[in-house]
Amino acid sequence: MEARVVDGSQGCLNSGKAHSNSCVEANSRKLAQQQQKSSQIGTIEQLLAGGIAGAFSKTCTAPLARLTILFQVQGMHSDIAALKKASIRHEFSRIVNEEGVRAFWKGNLVTIAHRLPYSAINFYAYEQYKSMLQSVLGLENGGRSSSANICVHFVGGGLAGITAASATYPLDLVRTRLAVQRNIMYYKGISHAFRTILQEEGFLGLYKGLGATLLGVGPNIAISFSVYESLRSYWNSHRPNDSPITVGLACGSISGIASSTATFPLDLVRRRKQLEGAGGRARVYNTGLFGMFKHIVKSEGFRGLYRGILPEYYKVVPGVGIVFMTYETMKMLLLRSSNDY
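This write-up is about the structure you can find in this document. These numbers were taken from a predicted model, which means no experiment stands behind them.

### With respect to the pattern of salt bridges
Phase 1: Applying the stated rule across the entire model yields 18 salt bridges.
Phase 2: As a salt-bridge pair, Glu91 and Arg182 come within 3.7 Å of each other at their nearest N and O atoms. A residue pair is termed long-range when its members are at least 10 positions apart, and Glu91 in helix 7 (residues 88–98) and Arg182 in the loop between helix 10 (169–179) and helix 11 (190–201) qualify at 91 residues.
Phase 3: Taking the relative accessible area as the measure of exposure, Glu91 reaches 4% and is therefore buried.

Structure follows, in structure tokens:
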């Protein structure tokens with residue numbers, strides 16, 4: 001037998017008039033799918049691009065992140081007089097003079113190691129929770145209820161955030177303990193920190209402060225989502241011709257500031273919980289989460305719950321911009337390399 005290869009369009013021409021319309025439609029759909037596929041990247045590439053973007057952004061804003069952590073934990077072992085003298089410029093100068101410029105990146109390697117598994121777990125868990133919720137609500141075939149779809153995205157995102165935060169929490173705790181070290185290095189690296197914590201505090205020592213972290217996931221996502229969508233909707237209705245990049249960066253930055261402001265007290269309590277009993281020091285707070293809030297307000301005032309908020313604000317805008325631009329650049333490079341093959 002002679003093998004014959006027939007082109008799709010040629011097949012349509014040879015199949016008669018009655019069948020030609022369906023062939024043209026099929027070829028059109030196939031071409032559209034190929035074009036869409038050529039302009040997208042796969043799941044692995046998305047995770048890689050997101051992980052690299054997050055790691056690069058964290059590295060660029062690491063000095064501000066370390067300043068935030070140092071301010072957050074100052075009230076644990078400092079007297080009130082010393083706290084009143086604290087300022088960003090003073091702390092910046094102290095780090096440069098006493099520890100050197102490289103000290104601004106203490107614990108950053110753990111942060112980079114934390115990003116990829118966190119992104120991967122978050123991405124995978126979100127898809128699983130979304131499928132499960134769509135099945136429960138009967139939205140597998142693309143239900144028309146927009147409110148139900150928003151609920152699926154919101155709840156799925158919250159559950160995915162909780163799952164990813166729980167799975168990678170020990171890395172976050174080690175990052176905090178490495179970042180707060182000054183001249184005396186109790187922990188001599190990532191592996192030494194893990195071994196020391198397990199020996200001195202047990203397995204649960206790696207999860208100190210997890211409760212405050214999980215409590216903050218829901219409000220953080222809710223505020224970020226609602227503020228971002230509201231701002232984007234308002235902006236597009238009043239200035240529809242503005243660049244989507246400008247709108248995304250502006251709305252993302254403002255929503256980040258709003259969510260940071262609302263959940264910062266929980267983040268501060270989480271950092272202090274992570275340092276309880278660290279390095280052989282005595283425990284400062286012998287109460288639960290809400291007891292810590294009362295203790296901080298009583299001893300440091302309400303402003304004590306927002307100690308370190310300014311450097312946190314300063315890193316939001318550049319952080320969002322760096323993530324956005326790096327992610328888009330990585331997507332373009334990965335797409336180009338995949339198309340070449």
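There is more to say after this.
### Here we look at the packing of aromatic side chains
Phase 1: Going through the model one piece at a time under the given rule, you end up with seven aromatic pairs.
Phase 2: Consider the rings of Phe203 and Tyr207, whose centres lie 5.6 Å apart with planes at 50 degrees: the pair is tilted.
Phase 3: Note on Phe203: relative accessible area 54%, which makes it exposed.
Phase 4: Judged by its relative accessible area of 25%, Tyr207 falls in the partly exposed class.

### Structural notes on the side chain of Asn108
Phase 1: Structurally, the position occupied by Asn108 is in helix 8 (residues 108–137).
Phase 2: For Asn108, a relative accessible area of 7% corresponds to the buried category.
Phase 3: In contact with Asn108, not counting residues within four places along its chain, are Lys58, Thr59 and Ala62.

Rules and cut-offs
- Residues numbered from 1 in each chain as written.
- Predicted model: local features only at pLDDT ≥ 70, side-chain atom pairs only at ≥ 80, totals over all residues.
- Heavy atoms only, no water.
- Salt bridge = Lys/Arg side-chain N within 4 Å of Asp/Glu carboxyl O.
- Helix = DSSP H or I, 4+ residues; strand = E, 2+ residues; numbered from the N terminus.
- Buried < 20%, exposed > 50% of the residue type's maximum accessible area, 1.4 Å probe, protein only.
- Phe/Tyr/Trp six-rings, centres within 6.5 Å; stacked < 30°, edge-to-face > 60°.
- Contact = heavy atoms within 4.5 Å.

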